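A closer look at the structure
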Amino acid sequence: MKSVFSKSLFVAILVNCLFNLEVSAQFTQGRIVVLRSGDGTGALSSAATSMYLVEYDPASPSAPTYTLALPTTTSGSINRITGSGTATSEGQLNLSANGNYLTVGGYDAALGTASVNSSTSNRVIMRVSSAGNLATTVFSNATHASGFRSVVTNDGSAYWTAGNPSGVNYFTHSGSTTAQTATAVSTTSTNNRTVSIYNNQLYVSTGSGTTGIYAVGSGLPTTTGITATNKISTNDAYAYVMLNRGGNNWNCYLVNSTTTIGVLKYSSTDNGATWTARGSVTTSAVYGITAKVNGSNVEIYATTTTAILKLTDVAAFDATISATSSTLVSAPTNTAFRGIAFAPAAPCTTPSITSITSNSPICAGSALNLQLSVGGSAATAYSWTGPNSFTST
């Protein structure tokens, strides 16, 4: 006698499988990633050194959950990338506006290259996916000849860069080792630090000239001659993060290397058109920052050269910052922390299921064999579920 139950089991498993396909990843969404300079084997200097993306779980930060060494030799279409061991304004780490990539800037230079940030080496944009896949875009040292500090992307297809000098520049993604031509988007400020995208608007910080955080034109400009407008006038601005607090309400937290200031807070009620200072928290000199809203509070993670600091602002978005600083992670000996960002998420995808088959119909007591074929190049994981607590992966 054939078992009707086996057929119904297969149908239930089939339906649930379709909704449980996941794209695998190396990074874990929600964790923090810090750029670390140096491998710890010797003291850092202005010479070219290796760089690492190191992920920590803020809830259990005693050890890294994932470490990705950025390549120090060129292989195929992926260019090598190294960084200065002592330049505190470099190595800023950005999460793409769509949340799928990390980006960092560096140099096409051999380990040990002297004064690498002023060398004639090409500059390198490194794009890193949630799966740890790398892609590079390269440009000449004619742009940011005295230091390449940060790079941001909206969705991985193009980039905006900041450094000294040359202002804010734009590049399309090449995924190769061939030097690309820069588009000089804005030279309102030529010596810049951190470029970022928030609320579909391009921003850049500078600690030179009229210091502060500037909005670069309107939206995400890609042409030359764009004027940048100083939105937050503050001394010695390094990295910053902007968070929506509902409707048109925003916070900006920025870091400052002046030890009497540390982390500063600003609020806006008009989508960032104007900002109001909301106090500061004294810390060690800080250079990188990321943050997220958690209920009515804001969790802040900031980097000194030797540590990741955690602060929780418990004040209302438009009230003076109320937070204390504590050390979450200490940098290993002979290394330095630079930029920090949240880990990238895998892009949304629709898996191409080419076939789902079984050996149905089967008789009672017989084994039920299930087979699934998925098209495409992305790695996937899946789970089957069915009646009577049936599960399989």
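Here's a quick rundown of the structure. Note that this is a predicted model, so its numbers are computed, not measured. (Residues numbered from 1 in each chain as written. Predicted model: local features only at pLDDT ≥ 70, side-chain atom pairs only at ≥ 80, totals over all residues. Heavy atoms only, no water.)

1. What about the sheet that holds strand β28 (residues 336-342)?
For sheets, the rule is that strands pair by backbone hydrogen bonds, running either parallel or antiparallel. If you walk across this open sheet you meet the four strands as β5-β4-β2-β28, and the pairing is antiparallel. The sheet is open, and its two edges are formed by β5 (66-69) and β28, each paired on a single side. Strand after strand, the sheet turns through a mean of 20 degrees between neighbouring axes, direction not considered. As judged from the six bridges shared by strand β2 (residues 32-37) and strand β4 (residues 51-56), these two strands associate in the antiparallel manner. Each residue of the ladder has a partner; that of V33, found in β4, is E55. (Pairing = 2+ DSSP bridges. Helix = DSSP H or I, 4+ residues; strand = E, 2+ residues; numbered from the N terminus. Axes fitted to C-alpha atoms, helices over the stretch in contact; angles between N-to-C directions.)

2. Details of the environment of S118
With respect to the helices and strands, S118 occurs in the loop between β8 (101-107) and β9 (123-129). Classification of S118 as partly exposed rests on a relative accessible area of 46%. Along the primary structure S118 and T324 are separated by 206 residues, whereas in three dimensions their C-alpha atoms are 38 Å apart. Among all residues touching S118, those that are not within four sequence positions of it are R123, A145 and S146. (Buried < 20%, exposed > 50% of the residue type's maximum accessible area, 1.4 Å probe, protein only. Contact = heavy atoms within 4.5 Å.)

3. Side note on empty space enclosed by the protein
Enumeration according to the criterion identifies two cavities of 30 Å³ or more in this entry. The computed volume of the largest cavity comes to approximately 60 Å³. Lining the largest cavity are S37, M51, T82, G83, S84, A87, E90, G91, G105, G106, Y107 and R338. Those elements that provide at least two residues to the lining of the largest cavity are β6 (83-84) and β8. The element that contributes the greatest number of residues to the lining of the largest cavity is β8, accounting for three residues. Here the second largest cavity is characterised by a volume of approximately 40 Å³. The wall of the second largest cavity is formed by Y198, N199, Y203, M242, W250, N271, G272 and W275. Across the lining of the second largest cavity, the residue classes tally to five nonpolar, three polar and no charged. (1 Å grid on protein atoms, 1.4 Å probe; cavity = no way out; pocket = protein on both sides within 12 Å on 5 of 7 lines; lining within 4 Å. Points joined across faces, edges and corners; volume = space filled by probe spheres on them. Nonpolar A, V, L, I, M, F, W, Y, C, P; charged D, E, K, R; others polar.)

4. Structural notes on the packing of aromatic side chains
As enumerated under the stated definition, the model contains seven aromatic pairs in all. With 4.8 Å between their ring centres and 85 degrees between their planes, F27 and Y66 make a pair best called edge-to-face. Pair noted here: F27 is in the loop between β1 (22-23) and β2 and Y66 is in strand β5, with a separation of 39 residues, a long-range link. For the pair F27 and Y66, a shared accessibility class is recorded, and that class is buried. These aromatic residues form a ring-pair network of at least three members: F139, F148 and F171. It is R36 that lies over the ring of Y52; its NZ or CZ is 4.4 Å from the centre. The ring centre of Y238 lies 3.8 Å from the NZ or CZ of R193, which sits over that ring. (Phe/Tyr/Trp six-rings, centres within 6.5 Å; stacked < 30°, edge-to-face > 60°. Lys NZ or Arg CZ within 6 Å of the ring centre and 35° of its normal.)

5. Some words on the pattern of salt bridges
The full count for this structure, using the stated rule, is four salt bridges. Among the salt bridges present, the one from R80 reaches D108, with a minimum N-O distance of 2.7 Å. Taken together, the positions of R80 in the loop between β5 and β6 and D108 in the loop between β8 and β9 put the pair 28 residues apart, joining distant regions of the chain. Residue R80 is classed as partly exposed on the basis of its relative accessible area, which comes to 23%. Residue D313 is joined to K265 by a salt bridge in which the shortest nitrogen-to-oxygen separation is 2.9 Å. Separated by 48 residues along the polypeptide, D313 in strand β26 (residues 307-313) and K265 in strand β22 (residues 263-268) bring together distant segments of the chain. (Salt bridge = Lys/Arg side-chain N within 4 Å of Asp/Glu carboxyl O.)

6. Concerning the nonpolar core
Counting 34 residues, the largest nonpolar core has I213, Y240, M242, C252, Y253, V255 and I289 as the members making the most contacts within it. Among the secondary structure elements, those contributing two or more residues to this core are β18 (212-216), β20 (237-244), β21 (250-256), β22, β24 (288-294), β25 (297-303) and β26. Among the elements that take part in this core, β20 stands out by supplying six residues, more than any other. The residues touching I289, leaving out its near neighbours within four places in the chain, are A239, Y240, V241, Y253, L254, V255, V263, I300, Y301, A302 and I340. In terms of nonpolar packing, the next biggest core, distinct from the first, is built from 18 residues, L70, L93, L102 and A341 among them. (Core = buried A, V, L, I, M, F, W, Y, C linked by side-chain atoms within 4.5 Å.)

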